Amino acid sequence: MPKPRKIPVRMCVGCRARNDKRNLIRVVRTPAQEVVLDPTGKRAGRGAYICPRVECLRKALKSRALERALGVSLTPEVVADLEASLSQDEDHE
């Protein structure tokens, strides 16, 4: 009988809730120091996870938890891009 696969669990930097890795969205700081959403979860760079809700992103930005997790200060343009991408993802569900 095969061993059941272990499902990786990650914590949202916004609401601090634990969830399966595949249910969260990875935000990554690439080696080129740009911050982008990583829908595949495989891009190279420092990553942090957030729930696929704009409220969690806003909470993570307000507490600066996302900046601490990625080790970079976020510009207003990057924040706007992240919010736009997340709200676009919410519209598709």
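Refer to the structure printed above.
Rules of the game
Residues numbered from 1 in each chain as written. Predicted model: local features only at pLDDT ≥ 70, side-chain atom pairs only at ≥ 80, totals over all residues. Heavy atoms only, no water. Helix = DSSP H or I, 4+ residues; strand = E, 2+ residues; numbered from the N terminus. Rg over C-alpha atoms; globule rule 2.2 N^0.38 Å. Buried < 20%, exposed > 50% of the residue type's maximum accessible area, 1.4 Å probe, protein only. Contact = heavy atoms within 4.5 Å. Core = buried A, V, L, I, M, F, W, Y, C linked by side-chain atoms within 4.5 Å. Polar contact = N/O pair within 3.5 Å; in protein donor to acceptor, adjacent residues only side chain to side chain.

Trainee: Help me understand the overall build of the chain, please; the structure alone is not making it clear to me.
Mentor: Secondary structure summary: the chain contains three helices and five strands in total. Along the chain, from the amino end to the carboxyl end, the secondary structure elements read β-β-β-β-β-α-α-α. In terms of overall size, the chain behaves like a compact globule, its C-alpha atoms giving a radius of gyration of 14 Å where 93 residues would be expected to give roughly 12 Å. Across its three principal axes, the chain shows a C-alpha extent of roughly 50 × 30 × 25 Å. Here the chain holds 93 residues, and the buried ones make up 33% of them. Relative to all contacts within the chain whose residues are 6 or more apart in sequence, the contacts with residues 24 or more apart total 46%.

Trainee: Can you walk me through the nonpolar core in this structure?
Mentor: Most often, soluble globular proteins keep nonpolar side chains buried together rather than apart. Ranked by internal contacts, the top residues of the largest apolar core, which has 25 residues, are Val13, Val27, Val35, Ile50, Leu66 and Leu82. No other element matches the five residues that helix H1 (residues 54–62) contributes to this core. Setting aside its immediate chain neighbours within four residues, Leu66 contacts Val13, Val27, Ala48, Leu57, Ala60, Leu61, Leu74 and Leu82.

Trainee: Help me understand the side chain of Glu67 in this model?
Mentor: Within the element layout of this structure, Glu67 appears in helix H2 (residues 65–70). Exposure remark for Glu67: the relative accessible area of 16% places this residue in the buried category. In terms of polar contacts, Glu67 uses its side chain to reach the side chain of Arg64, at 2.8 Å. Setting aside residues up to four positions removed in sequence, Glu67 forms contacts with Val72, Ser73 and Leu74.

Trainee: Could you clarify how one ought to interpret unusual backbone geometry in this entry?
Mentor: Most of the time, phi is negative for any residue but glycine, and the peptide bond is trans. At Arg16, a residue that is not glycine, the phi angle is positive and equals roughly 65 degrees. Structurally, the position occupied by Arg16 is in the loop between strand E1 (9–11) and strand E2 (18–20). With a relative accessible area of 57%, Arg16 lands in the exposed category.

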